[in-house]
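# Descriptive analysis of the structure
Listed below are the residues making up each chain.
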Amino acid sequence: MQESLFAPGHRACAGCGMPTAIKLILDAAGPNTIVASPTGCLEVTSTPFPESSWRVPWIHSLFENAAAVASGVEIALKRFGKTDINVLAIGGDGATFDIGMGAISGMFDRGHRITYICYDNEAYMNTGVQRSGSTPFCAKTTTTPTGKLSLGNPRPKKDMPAIAVAHRAPYVATASIAYPADLRRKVKRSLEADGPAYIQINAPCITGWSFEAGDTIEQARLVVETCLLPLIEYVDGVLVGVKKVRRKRPVEDYLKTQGRYKHLFKVEGGAEVIAQLQAMADANAEKFGLLED
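Residues numbered from 1 in each chain as written. Predicted model: local features only at pLDDT ≥ 70, side-chain atom pairs only at ≥ 80, totals over all residues. Heavy atoms only, no water.

Hydrogen bonding along the main chain pairs the strands of a sheet, whether they run parallel or antiparallel. With mixed pairing, the 8 strands of this open sheet are ordered in space as S2-S1-S3-S4-S8-S7-S9-S10. Pairing within the sheet leaves two strands with one partner each, and these edge strands are strand S2 (58-60) and strand S10 (238-242). Across this sheet, the average inter-strand angle for adjacent strands is 20°, counted without regard to direction. The pairing of strand S1 (residues 33-37) with strand S3 (residues 86-92) spans 4 bridges and is parallel. (Pairing = 2+ DSSP bridges. Helix = DSSP H or I, 4+ residues; strand = E, 2+ residues; numbered from the N terminus. Axes fitted to C-alpha atoms, helices over the stretch in contact; angles between N-to-C directions.)

Following this line, the structure appears as C-alpha cells:
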C-alpha cells in the first residue's frame, strides 16, 4: 500500500473535510508533484514551523498569488527540461474566489499547465468564519449575521467553475470528498490536460458550518443528493460528465443539519428562503441533467 503523501499529525480540526481532500488529491497526483498554497486553513494546520505534513515539495505563497507562484514553478521546470512533474496550486475559497482571482485569471490566460484546486469550505474559516464569495445564499457567517434585519448572506455563491470555463481552461470539474474515486479520477484527468485546469472540491467545515464531527462525509454527500452541488466535468468548454443522483433529497434534509442555517427554521421569512434554495437545487437538476431517468 502506498504511503500517504499527506502525513498524519496535522492540526486541522477533528471532522475537517480539507485534509481528506488533500490526501485524495496527492494519492491521485503521486510523488512527482510540486504544490503551491496560499495562506489559509491548509497552510496553518499542515506546516507549523518546524513541522510539515507534506511529503512532496510544497511552497507557501501570499494569500493572493498561489497561481502566480505555481506559474513561475512551471516555467522554471520547462526551462530545465523537466516536463514530467505535476504542478498544483491548492487554496481555499477565500484565496480562490476573492483574493487570488487576478492571479488565477492570469494563469488561465497564459495557458500554464497547472491544476488549480480549491478546497471549498464556503467562508474564511481560518480567520473566524467571515463571508467569502463562495458562501451560499442566506448562510450565517460572522460578517453576515442573522437578526431582525438579516437572514444571513444576501448574495448567491459565485460560480467559479463557470468563470474557469469562460477563460477557456481545457479542463474544469467539481468534486466531493464523499465520492473519492470520482475525485481522484478528476485530478488525474486534470493533469493530462494540455493547459490549465480547475477543480473545486466541496470540503465541509465543522467549525463554520456547525455540525457533528462524525458527520463530515454525510454532509458532503447530502449537498450532492439535494442537487445544490452538481458534480460536473468540462473539457474544452463542453460538459462531458455529470454524476447522476439516484434519489433527489429535499434541501431541508441538508439545511437542518447545520448551525449556519438553523435560523431559517425559526424566523419569519425563513420558509421563503428555503423555497428559494430548493428552486436553486431544482434548477441545477434541470440544467445539468442530474437526475437518473
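After that view of the structure, there is still more to cover.
What follows covers the environment of Gly-270. The residue Gly-270 is located in helix H11 (residues 270-288) in this model. The spacing of Gly-270 and Leu-151 is 119 residues in sequence and 7.6 Å in space, taken between C-alpha atoms.

Under the definition given, this model contains 6 aromatic pairs. Ring centres 5.3 Å apart and planes at 75° place the aromatic pair Phe-6 and Trp-54 in the edge-to-face group. Here Trp-54 lies in the loop between helix H2 (41-46) and S2 and Phe-6 lies in the segment before helix H1 (18-29), a separation of 48 residues in the sequence. Pair check on accessibility: Phe-6 and Trp-54 agree, each one buried. Measuring from centroid to centroid gives 6.3 Å for Phe-63 and Tyr-124, while their planes differ by 75°, and the two rings are edge-to-face. Separated by 61 residues along the polypeptide, Phe-63 in the loop between S2 and helix H3 (66-79) and Tyr-124 in the loop between strand S4 (115-120) and strand S5 (146-147) bring together distant segments of the chain. Chaining the aromatic ring pairs together yields one cluster made of Phe-6, Trp-54 and Trp-58. Seen from the ring of Phe-80, Arg-79 lies directly overhead, with NZ or CZ sitting 5.9 Å from the centre. (Phe/Tyr/Trp six-rings, centres within 6.5 Å; stacked < 30°, edge-to-face > 60°. Buried < 20%, exposed > 50% of the residue type's maximum accessible area, 1.4 Å probe, protein only. Lys NZ or Arg CZ within 6 Å of the ring centre and 35° of its normal.)

Another point: unusual backbone geometry. In this structure, the amide linkage connecting Phe-49 to the following residue, Pro-50, adopts the cis form with an omega of 10°. Tracing the backbone through its elements, the reader meets Pro-50 in the loop between H2 and S2. In this structure, Glu-122 takes a positive phi of about 70° despite not being glycine. Mapped onto the secondary structure, Glu-122 falls in the loop between S4 and S5. Although it is not a glycine, Asp-236 adopts a positive phi angle of roughly 50°. Topologically, Asp-236 is positioned in the loop between strand S9 (232-235) and S10. Asp-236 sits in the exposed class, given a relative accessible area of 60%.

Here we take up the packing of H3 against helix H5 (residues 101-110). Closest axis-to-axis distance for the H3/H5 pair is 7 Å, and the angle between their directions is 35°. Here Ala-67, Ala-68 and Ser-71 of H3 come into contact with H5, specifically with Ala-103, Ile-104, Met-107 and Arg-110. For the contact of H3 with H5, the per-class residue count stands at 5 nonpolar, 1 polar and 1 charged. (Contact = heavy atoms within 4.5 Å. Nonpolar A, V, L, I, M, F, W, Y, C, P; charged D, E, K, R; others polar.)

This part covers the environment of Lys-158. If you trace the backbone, Lys-158 turns up in the loop between strand S6 (150-151) and helix H6 (160-166). On the accessibility criterion, Lys-158 (30% relative accessible area) is partly exposed. Expressed as a C-alpha distance, the spacing of Lys-158 and Leu-264, which sit 106 residues apart in the sequence, is 21 Å. Sequence-distant contacts of Lys-158, defined by excluding residues within four places in its chain, comprise Phe-97, Asp-98, Met-101, Gly-133 and Ile-163.

All right, on to empty space enclosed by the protein then. Unoccupied space between atoms shows up once a probe the size of one water molecule is rolled over them. One pass over the structure, following the stated rule, counts 3 cavities of 30 Å³ or more. One number sums up the size of the largest cavity: a volume of about 120 Å³. In terms of residue count, helix H4 (residues 93-99) provides more of the lining of the largest cavity than any other element does, 3 residues in total. Counted by class, the lining of the largest cavity contains 7 nonpolar, 7 polar and 1 charged residues. Size it by volume and the second largest cavity reaches roughly 40 Å³. Pro-38, Phe-63, Glu-64, Asn-65, Ala-66, Ala-67, Ala-95, Gly-100, Ala-103, Ile-104 and Tyr-116 together form the lining of the second largest cavity. Of the residues assigned to the lining of the second largest cavity, the class counts are 8 nonpolar, 2 polar and 1 charged. (1 Å grid on protein atoms, 1.4 Å probe; cavity = no way out; pocket = protein on both sides within 12 Å on 5 of 7 lines; lining within 4 Å. Points joined across faces, edges and corners; volume = space filled by probe spheres on them.)

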